[in-house]
Amino acid sequence: MSDNTPDSLIPYDEIVQEALRAVVGRVLGEVETTGRLPGEHHFYITFKTGAPGVDIPRHLSERFPDEMTIVIQNRFWDLKVAEDGFEVGLSFNQAPAKLVIPFAAITGFVDPAVNFALQFQAQVEEAEPQGHEQAENDPLAAEPIEDGSNVVSVDFKRKK
């Protein structure tokens, strides 16, 4: 038996990534419907600022030319979720900003209230990624794990 795995003609990685991004859409859709975050839930969403369809103020794209992490917690407004992405109002240095983010641009989603995290491969072809600063709308509590693999780790833990 050979150790060589044949190349797949089915794009499993892309299918799984798309399905997991749908989880983010469903969660944000629930928040949009109710108009609030349930309990202690809050989200850190990391996305590629230069990805197609991303629309953020110029001062943010200049400050975060590659990647940015936003926090959906206490101060957000006008959350609108569509099939392919979402838009939300956030405040940066006490200046309001509207952000439009396609789900394909998201590289990480974390809900620290329940220790839930998803990591995604970027769906944009770019040059070598540059480091980025944290967004100033709230400090980041946990750094996402980046081990270089293309395996998505899903941890479904329930509090009892």
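Residues numbered from 1 in each chain as written. Predicted model: local features only at pLDDT ≥ 70, side-chain atom pairs only at ≥ 80, totals over all residues. Heavy atoms only, no water.

Looking at an unreviewed UniProt entry, one finds the chain named Stringent starvation protein B, with uncultured Sphingosinicella sp as its source organism.

Engineer: Looking at this structure, I do not really get the overall build of the chain. What am I missing?
Structural biologist: Per the secondary structure count, the chain includes two helices and seven strands. Reading the chain from its N terminus to its C terminus gives the helix and strand order α-β-α-β-β-β-β-β-β. By the burial criterion, 36% of the 160 residues in the chain qualify as buried. The contacts in the chain between residues at least 6 apart in sequence include a share of 61% that link residues at least 24 apart. Roughly 10,600 Å² of accessible area belongs to the chain as shown, and the carbon and sulfur atoms make up 49% of that amount. (Helix = DSSP H or I, 4+ residues; strand = E, 2+ residues; numbered from the N terminus. Buried < 20%, exposed > 50% of the residue type's maximum accessible area, 1.4 Å probe, protein only. Contact = heavy atoms within 4.5 Å. Areas by Shrake-Rupley, 256 points an atom, 1.4 Å probe, with all protein chains shown as cover.)

Engineer: Would you mind going over the side chain of His 42 with me for this structure?
Structural biologist: Relative to the assigned elements, His 42 resides in the loop between helix 1 (12-34) and strand 1 (43-48). With a relative accessible area of 12%, His 42 lands in the buried category. Among the polar contacts listed, one links the side chain of His 42 to the backbone oxygen of Glu 40, at a separation of 3.0 Å. Filtering out sequence-adjacent residues up to four positions away, His 42 remains in contact with Leu 37, Ile 72, Gln 73, Val 110, Asp 111, Pro 112 and Ala 113. (Polar contact = N/O pair within 3.5 Å; in protein donor to acceptor, adjacent residues only side chain to side chain.)

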